[in-house]
Amino acid sequence: MTDAGGNSLLDVRADGSISSVTTFPKVIGGFGPADAVPTDVVLGPDGAYYVSNLSGVPFTPGSALVWRVMPDGSKSVYAAGLTQVTDLAVDPDGSLYVLQHATTQFLGGPGSIVRIAPGGARTTIDTQGRLSHPAGLVVGPDGALYVANFSTAPDFGEVLKIVP
């Protein structure tokens, strides 16, 4: 699991014990160094963990990352140039879907989904402009993406089905 406050990836075992796998360094934002704020972790088909980060205030566009973390804690940047990443999902072909909460500073602009193919090629998924502060993403058994939308507006939340 990720610990946003501790900027770390944790190993939580069935017996309840918790240990740190790795911590994430600060990112460079508009006001200087900002906390990484890890938001999600998924297990990739290669056995590595992929960890998203939101990046701290002011959420400078392009400052969020996806890290590739090995079980021993060694890590490298898997994808850079992202903005306010809140969730990740892996589809059966090994592609990684990256959910961006917003696209401009201070939680502004529409959300988006970026598909990173196993070879690294990126494609922005056409969401027809429907994403507003999305926070949850899964790949359904039908291959569609399901997104929790309006995550900051409790009276207007919805789940969208998006066919990539």
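The preceding data block contains the structure.
In what follows, the accompanying structure is described. (Residues numbered from 1 in each chain as written. Predicted model: local features only at pLDDT ≥ 70, side-chain atom pairs only at ≥ 80, totals over all residues. Heavy atoms only, no water.)

**Describing the overall build of the chain**
A count of helices and strands for the chain gives zero helices and 16 strands. The C-alpha atoms of the chain give 15 Å as radius of gyration, which agrees with the globular expectation for 164 residues (15 Å, within 12%). Expressed along its principal axes, the backbone C-alpha trace of the chain runs to roughly 40 × 40 × 35 Å. Counting all 164 residues of the chain, 46% fall into the buried class. The long-range fraction of contacts in the chain, counting pairs at least 24 apart against all pairs at least 6 apart in sequence, stands at 35%. Of the accessible surface of the chain, which amounts to about 7,900 Å², a share of 57% is contributed by carbon and sulfur atoms. Each charge class in the chain was averaged separately, 8 positive and 14 negative side chains, and the resulting centres sit 6 Å apart. (Helix = DSSP H or I, 4+ residues; strand = E, 2+ residues; numbered from the N terminus. Rg over C-alpha atoms; globule rule 2.2 N^0.38 Å. Buried < 20%, exposed > 50% of the residue type's maximum accessible area, 1.4 Å probe, protein only. Contact = heavy atoms within 4.5 Å. Areas by Shrake-Rupley, 256 points an atom, 1.4 Å probe, with all protein chains shown as cover. Lys, Arg positive; Asp, Glu negative; His and termini not counted. Charge placed at Lys NZ, Arg CZ, Asp CG, Glu CD.)

**Let's talk about the nonpolar core**
In this structure, Y50, V66, L82, V85, L88, L96 and V98 are the most contacted members of the largest nonpolar core, which totals 13 residues. Secondary structure elements with two or more residues in this core: strand 8 (64–69), strand 9 (75–82), strand 10 (85–90), strand 11 (96–100) and strand 12 (112–116). The residues contacting Y50, other than those within four sequence positions of it, are D40, V41, V42, G44, V66, W67, R68, Y78, L88 and L96. If you look at the next biggest cluster of nonpolar residues, it comprises eleven residues, including I113, L145, V147 and I162. (Core = buried A, V, L, I, M, F, W, Y, C linked by side-chain atoms within 4.5 Å.)

**Focus: the sheet that holds strand 15 (residues 145–149)**
The strand order across the open sheet built from three strands is 14-15-16, with neighbouring strands paired in antiparallel fashion. Edge positions in the sheet fall to strand 14 (136–139) and strand 16 (158–162), since each of these pairs with one other strand and no more. Here the average twist between neighbouring strands, direction ignored, is 20 degrees. In the sheet, strand 14 pairs with strand 15 via four bridges, with the strands oriented antiparallel. By the bridge assignment, V138 is partnered in strand 15 with Y146. (Pairing = 2+ DSSP bridges. Axes fitted to C-alpha atoms, helices over the stretch in contact; angles between N-to-C directions.)

**Quick look at a nonpolar patch on the surface**
A cluster of nonpolar side chains, M1, V12 and I18, forms an exposed patch at the surface whose accessible area comes to about 300 Å². Examined against the element boundaries, V12 turns out to sit in strand 2 (residues 8–12). Judged by relative accessible area, which is 41%, V12 ranks as partly exposed. (Patch = residues over 30% accessible without salt bridge, like charges linked within 9 Å, V, L, I, M, F, W, Y side chains within 5 Å. Salt bridge = Lys/Arg side-chain N within 4 Å of Asp/Glu carboxyl O.)

**So, the sheet that holds strand 3 (residues 18–23)**
Pairing in this open sheet of three strands is antiparallel, and the strands run 1-2-3 from one edge to the other. Only two strands of the sheet have a single partner each, and these edge strands are strand 1 (2–3) and strand 3. Of the pairings in the sheet, the one linking strand 1 to strand 2 comprises two bridges and is antiparallel in character. The residue of strand 2 that forms the bridge with D3 is S8.

**Digging into the pattern of salt bridges**
Once the charged atoms of two side chains with opposite charge are near each other, the side chains can pair. On inspection of all chains with the given rule, the structure shows five salt bridges. The salt bridge partner of D11 is R13, with a shortest N-O separation of 3.0 Å. A salt bridge links D46 to R68, with the shortest nitrogen-to-oxygen separation between them at 3.0 Å. With D46 in the loop between strand 6 (38–43) and strand 7 (49–53) and R68 in strand 8, this pair connects stretches of sequence that are 22 residues apart. Note on R68: relative accessible area 26%, which makes it partly exposed.

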